[in-house]
Amino acid sequence: MKRIGVLALQGAHIEHIAILRRLGAEAIAVRLPQELEGVDGLVIPGGESTTIGRLMQLYGFNVSLQRLIGDGLPVLGTCAGMILLAKQVIGLNGYSLAAIDIQVRRNAFGRQVDSFETDVQIPVLGDPLYRAIFIRAPSIEGVGRGVEVLASLPDGKPVAAREGNIVVAAFHPELTEDSRFHSYFLGVVD
Ligand code: GLN
């Protein structure tokens, strides 16, 4: 059984744990760095990236996590989690793990439409369209050469990406009934 930690400092961790358990994984809430021991993968959920980043530093996650990710620990970052994993964050002077070679912009979709849902094509999930839920979501403004874009909006803006052991999404896969995105991540964990 795969043991997946879900960073539970702030944000939507309960929903991730529920969906991972439904898929047969052992999902545990991670609140302290020592709870990372023995996990096969980690989810960094959506929430408020500045708050999660501050708490990560406060509890000493920064050093241990950067080492684990560098050693190949599979990590899924959604929304704020994506911001915390990005190498470049436009306009942020908060903390980032700088693990995936993408450039992101916080709250990129403007106030009037800061939350929306739309169907996107995600080829690695198969044919049926995927209902993606965006909540004050960040955008992906640029990707490095080693980064695979997993999904884009009709205007061409990438909204999900992968580089090696790191998978990120601007949307909230834990808020839909469709568990394909988490299944994909569990495949990366393998
Ligand atoms: N707007 C949040 C941030 O900048 C992210 C929103 C979310 O995770 N749903 O951190």
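Residues numbered from 1 in each chain as written. Predicted model: local features only at pLDDT ≥ 70, side-chain atom pairs only at ≥ 80, totals over all residues. Heavy atoms only, no water.

1. Observations concerning the pairing of strand 3 (residues 41-44)
Burial along strand 3 is two-sided: Gly41 and Val43 facing one way and Leu42 and Ile44 facing the other are all buried. Relative to strand 4 (residues 75-78), strand 3 runs parallel, the two sharing three bridges. Its bridge partner lying in strand 4, valine 43 is registered against leucine 76. (Buried < 20%, exposed > 50% of the residue type's maximum accessible area, 1.4 Å probe, protein only. Helix = DSSP H or I, 4+ residues; strand = E, 2+ residues; numbered from the N terminus. Pairing = 2+ DSSP bridges.)

2. Some details on the site of the ligand
Every residue lining the ligand is accounted for by Gly46, Gly47, Glu48, Ser49, Cys79, Ala80, Ile83, Arg106, Asn107, Ile135, Arg136 and His172. Measuring from an oxygen atom of the ligand, one finds a backbone N or O atom of glycine 47 at 2.9 Å. Within the backbone of serine 49, one N or O atom sits 2.7 Å away from an oxygen atom of the ligand. Burial of the ligand by the protein amounts to 96% of the accessible area it has alone, namely 300 Å². Looking at the shell around the ligand residue by residue, the classes come out as four nonpolar, five polar and three charged. (Near = heavy atom within 4 Å. Polar contact = N/O pair within 3.5 Å; in protein donor to acceptor, adjacent residues only side chain to side chain. Areas by Shrake-Rupley, 256 points an atom, 1.4 Å probe, with all protein chains shown as cover. Nonpolar A, V, L, I, M, F, W, Y, C, P; charged D, E, K, R; others polar.)

3. Quick notes on helix 3 (residues 61-70)
Those residues of helix 3 that fall on the buried side of the exposure criterion are Phe61, Asn62, Ser64, Leu65 and Ile69. Phi turns positive, to about 105°, at glycine 72, one or two residues after helix 3.

4. Details of the nonpolar core
Among the nonpolar cores identified, the biggest contains 65 residues, and Met56, Leu85, Ile102, Phe134, Phe171 and Phe181 are the most heavily contacted of them. Among the elements that line this core, the one with the most residues is helix 5 (residues 180-189), at six residues. Setting aside chain neighbours within four positions, we find isoleucine 102 in contact with Met82, Ala86, Lys87, Gln88, Ile140, Gly142, Val143, Val147 and Val168. (Core = buried A, V, L, I, M, F, W, Y, C linked by side-chain atoms within 4.5 Å. Contact = heavy atoms within 4.5 Å.)

5. Details of the environment of tyrosine 95
Residue position: tyrosine 95 is located in the loop between strand 5 (86-90) and strand 6 (100-105). Leaving out residues up to four positions away in the same chain, tyrosine 95 has contacts with Gly53, Met56, Gln57, Asn62, Gln66 and Leu84.

6. Some words on the sheet that holds strand 6
Judged by pairing direction, the sheet is mixed, and its three strands sit side by side in the order 5-6-9 without closing on themselves. The open sheet is flanked by strand 5 and strand 9 (139-143), the only strands paired with a single partner. Put simply, the sheet's adjacent strands are angled 30° from each other on average, direction ignored. Examined bridge by bridge, strand 6 and strand 9 share four bridges and lie antiparallel to one another. Its bridge partner being in strand 9, valine 104 is matched across the sheet by isoleucine 140. (Axes fitted to C-alpha atoms, helices over the stretch in contact; angles between N-to-C directions.)

7. Focus on the sheet that holds strand 11 (residues 158-163)
In space, the seven strands of this open sheet follow the order 2-1-3-4-12-11-10, with mixed pairing throughout. Each having just a single partner strand, strand 2 (26-30) and strand 10 (148-152) make up the two edges of the open sheet. Going across the sheet, the axis of each strand differs from the next one's by a mean of 20°, ignoring polarity.

8. Details of a nonpolar patch on the surface
Together, Leu32, Leu58 and Tyr59 give the surface a local cluster of nonpolar side chains, amounting to about 310 Å² of exposed area. Relative to the helices and strands, leucine 58 resides in helix 2 (residues 49-58). (Patch = residues over 30% accessible without salt bridge, like charges linked within 9 Å, V, L, I, M, F, W, Y side chains within 5 Å. Salt bridge = Lys/Arg side-chain N within 4 Å of Asp/Glu carboxyl O.)

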